[in-house]
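An overview of the molecular structure
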Amino acid sequence: MASRDTGTGTGTDTDTGTGVDTDRPGRIEAHGIDHVPDRERHGRARELFPVWAAANVNYLSMVVGGALILMGLSLGQAVAVIVLGSLFWAPIGLLAVSGPASGTPSEVIARAMYGIRGNRVNIAVNGWALCICYIALNLAAAAVAAFVFVEKAGIDTNSGVKVAVVVVIAALTLVIGVYGHATMVKLYPPIAIALTATFAVVAVYVCARSDLGHQPARPLTGVDLWATLAAGLTLIASGPLSYTNSADFSRYLPRETSPWAVAAWTALGGFLPGVLLTSLGALAATVVDMSEPQAGLEGILPTWFSPVFLLAIVLGTIANNAMTAYSSGLALQAAGVRVRRSLGVVVDGALGVAVTLYALLVSNFLDTVGNLLQLTVVVLGPSTAVYATDILLRRCRYDGPALTDENPGSPFWYARGVNPAGALALTAGIAASALCVDTLYTGPVARALGGVDLSLPVGIIVSASLYGLLMRRSLRGRPTAPPA
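Residues numbered from 1 in each chain as written. Predicted model: local features only at pLDDT ≥ 70, side-chain atom pairs only at ≥ 80, totals over all residues. Heavy atoms only, no water.

Quick notes on the overall build of the protein
Counting its secondary structure elements, the protein contains 20 helices and 0 strands. A compact globule built from 484 residues would reach a C-alpha radius of gyration of about 23 Å, and the protein, at 22 Å, matches this within 12%. C-alpha atoms of the protein, sized along the principal axes, occupy 60 × 55 × 40 Å. Looking at the protein as a whole, 58% of its 484 residues are labelled buried. In the protein, 84% of the contacts between residues at least 6 apart in sequence involve partners at least 24 apart. Summing over all exposed atoms, the protein offers an accessible surface of approximately 18400 Å²; the carbon and sulfur share of this is 66%. Distance between charge centres in the protein, computed from 29 positive and 28 negative side chains, equals 8 Å. (Helix = DSSP H or I, 4+ residues; strand = E, 2+ residues; numbered from the N terminus. Rg over C-alpha atoms; globule rule 2.2 N^0.38 Å. Buried < 20%, exposed > 50% of the residue type's maximum accessible area, 1.4 Å probe, protein only. Contact = heavy atoms within 4.5 Å. Areas by Shrake-Rupley, 256 points an atom, 1.4 Å probe, with all protein chains shown as cover. Lys, Arg positive; Asp, Glu negative; His and termini not counted. Charge placed at Lys NZ, Arg CZ, Asp CG, Glu CD.)

Structure follows, in structure tokens:
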């Protein structure tokens, strides 16, 4: 059967095989954004857990947890924000259910919400561009640790060496992304186990020294406290909300797979490691300076363990980033670029390297992380709300072959290729969220509230409500499920 990438984003079901080995570990995935026929579906929902766990047992979670303490929260307040923000893994689990239902990735399912042409614009901004940003963010996190590892080996980390390190890490990441789904399913369980064991050792040393009763030198009160809590919640929620592409990794499951199982294993795979690692970062910040997290953590770890810790940081970010790179290739196809998924992954990786080098050599890493994560919620919150609302309205009944039909007159062409309900709801949600944000800039609503950032709840409520109102009328009499 096919052993190379044939999914070029043509909008048609190009596979003609028997479904025996089109998705096998160690072979470049054949499918791009085309529909995966029922005969090629395989696997069980529980396979999703290690995939998501491996991607979320990572150093960046600890960095974010430490940032909450640096923002002025007490340990108790930080943990509460972490748990509450991590609950946004629940809607990501819901989105994953649409994968087995349609046999297509999230980037194609979104055509039901925005139309064929409208979705190209949506994916170009809300999918592809954000993927590039997250590729760069994760590459930067891995590179910072790798630089220290190289220095310990006695090599001077000048600009040339830094560029070489970033390129090597990017290459390892892109290999996994190019080989695709089956390779990830095979690799990620042992990666998840290795990373869990490593960070468990870190947890032992952190917990032995942490201050469980930590309070900031100047406890926040009043508006300042609420503003910081809101900013922290937005920062944590940005993690799960960045995975609106969760159907990309569930679409190979058989159509009859339990939706509850798909949602639960996806959500738990992100929620459990996310809460534990982010809380560990907050604990670490009670005893070390997490403004320089890698150096601070190394100060409380035994010398023999330092290389293992650094390698775990690199491995965890590679596992996380490979998923993003994989989806970036699908996003590029869904945006209308006629390119093989594997080639799209490579192109996107190159762009991610360029952004990474800027973040590391020109900008401040920690500031870049915080500002990027908070700002993306302006788009990701409304986008997730529209997607989740559509699943509920259609009762997760999607016609995969119809979704891949890009011709005028197709079921998802709507008005000149755009679904007005989705376009209006997303635009209104982003606009409302932007008015309430307080990160790189302060919106008028946030300014009036003394810096309290309500962009996350406002964007979600506006988009979900408007889409539900407009789309409910549109769906009356329209078939949503594939023909029997």
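A closer look at the nonpolar core
In terms of nonpolar packing, the biggest core is built from 122 residues, with M113, I169, Y188, F199, V202 and F309 touching the most fellow members. Here the element with the most residues in this core is helix α8 (residues 116-152); it accounts for 13 residues. (Core = buried A, V, L, I, M, F, W, Y, C linked by side-chain atoms within 4.5 Å.)

Section: unusual backbone geometry
Of note, the phi angle at R395 is positive, near 55°, even though the residue is not glycine. For R395, the position within the fold is in the loop between α16 (365-394) and α17 (400-403). Residue classification places R395 among the exposed residues on the basis of a relative accessible area of 66%. Even without being glycine, R416 reaches a positive phi, approximately 55°. Within the secondary structure layout, R416 lies in the loop between α17 and α18 (420-436). Looking at R416, the relative accessible area reads 73%, which means it is exposed.

Quick look at helix α1 (residues 48-56)
Most of α1 is tucked away, with 8 of its 9 residues classed as buried. Among all positions in α1, only L48, P50, V51, W52, A53, A54, A55 and N56 are buried. Each element contacted by the buried residues of α1 is listed here: α2 (59-70), α4 (89-96), α10 (181-209), α12 (259-284) and α14 (306-334).

Looking at a nonpolar patch on the surface
A surface patch of nonpolar side chains, amounting to about 300 Å² of accessible area, comprises L343, V346, V347 and L351. Its place among the elements puts V346 in helix α15 (residues 341-361). The partly exposed category is assigned to V346, whose relative accessible area is 41%. (Patch = residues over 30% accessible without salt bridge, like charges linked within 9 Å, V, L, I, M, F, W, Y side chains within 5 Å. Salt bridge = Lys/Arg side-chain N within 4 Å of Asp/Glu carboxyl O.)

What to know about the pattern of salt bridges
One side chain can pair with another of opposite charge once the charged atoms of both are near each other. Taken as a whole and judged by the stated rule, the model has 8 salt bridges. Among the salt bridges present, the one from E406 reaches R120, with a minimum N-O distance of 3.2 Å. Pair noted here: E406 is in the loop between α17 and α18 and R120 is in helix α8, with a separation of 286 residues, a long-range link. Residue class for E406 comes out buried when judged on its relative accessible area of 12%. The closest approach of N and O atoms between E406 and R338, which form a salt bridge, is 3.2 Å. On the criterion of sequence distance, the pair formed by E406 in the loop between α17 and α18 and R338 in the loop between α14 and α15 is long-range, its members being 68 residues apart.

Overview of the packing of α8 against α14
With their axes 8 Å apart at the nearest point, α8 and α14 run at an angle of 160° to one another. In terms of axis orientation, α8 runs roughly antiparallel to α14. With respect to the hand of their crossing, α8 and α14 are arranged in left-handed fashion. Grouping the constituent residues of the contact of α8 with α14 by class yields 21 nonpolar, 9 polar and 2 charged. (Axes fitted to C-alpha atoms, helices over the stretch in contact; angles between N-to-C directions. Parallel < 35°, antiparallel > 145°, perpendicular 65-115°, else oblique. Left-handed = near helix turned anticlockwise from the far one by under 90°. Nonpolar A, V, L, I, M, F, W, Y, C, P; charged D, E, K, R; others polar.)

Let's talk about the packing of α10 against α12
Packed helices, taken two at a time, are described by the angle between their axes plus the distance between the axes. As a packed pair, α10 and α12 sit with axes 10 Å apart at the nearest point and diverge in direction by 30°. Relative to α12, α10 is oriented so that their crossing is left-handed. Contact with α10, carried on its side by F199, V202, A203, V206 and C207, involves L277, L280, L283 and A284 of α12 and no other residues of that element. When grouped by side-chain class, the residues that make up the contact of α10 with α12 number 9 nonpolar, no polar and no charged.

Considerations on the environment of A90
Relative to the helices and strands, A90 is located in helix α4. Overall, A90 belongs to the partly exposed group, its relative accessible area being 49%. As for A90 and D156, which are separated by 66 residues in sequence, their C-alpha atoms are 45 Å apart.

Some words on the packing of aromatic side chains
This structure, assessed with the given rule, holds 10 aromatic pairs. With 5.8 Å between their ring centres and 75° between their planes, F49 and W265 make a pair best called edge-to-face. Taken together, the residues span a long stretch of sequence, with F49 in helix α1 and W265 in helix α12 at a distance of 216 residues. Under the relative-accessibility criterion, F49 is labelled partly exposed at 26%. Owing to a relative accessible area of 33%, W265 belongs among the partly exposed residues under this scheme. (Phe/Tyr/Trp six-rings, centres within 6.5 Å; stacked < 30°, edge-to-face > 60°.)

Digging into the environment of S465
Summarising the element assignment, S465 is placed in helix α20 (residues 455-475). You can call S465 partly exposed: its relative accessible area is 46%.

What about the confidence of the model for the protein?
Overall, the prediction assigns the protein a mean pLDDT of 87, with 90% of residues at 70 or greater. Within the protein, α15 has the poorest average pLDDT of any element, 80, and α4 the best, 97. Here residues 1-6 is a poorly scored stretch, pLDDT under 50, and it has 27 contacts once near neighbours within four places are set aside; other chains count. Under a pLDDT of 50 for its full length, residues 9-20 has, in the predicted model, 31 contacts with residues more than four places off or in other chains. (pLDDT = per-residue confidence, 0-100.)

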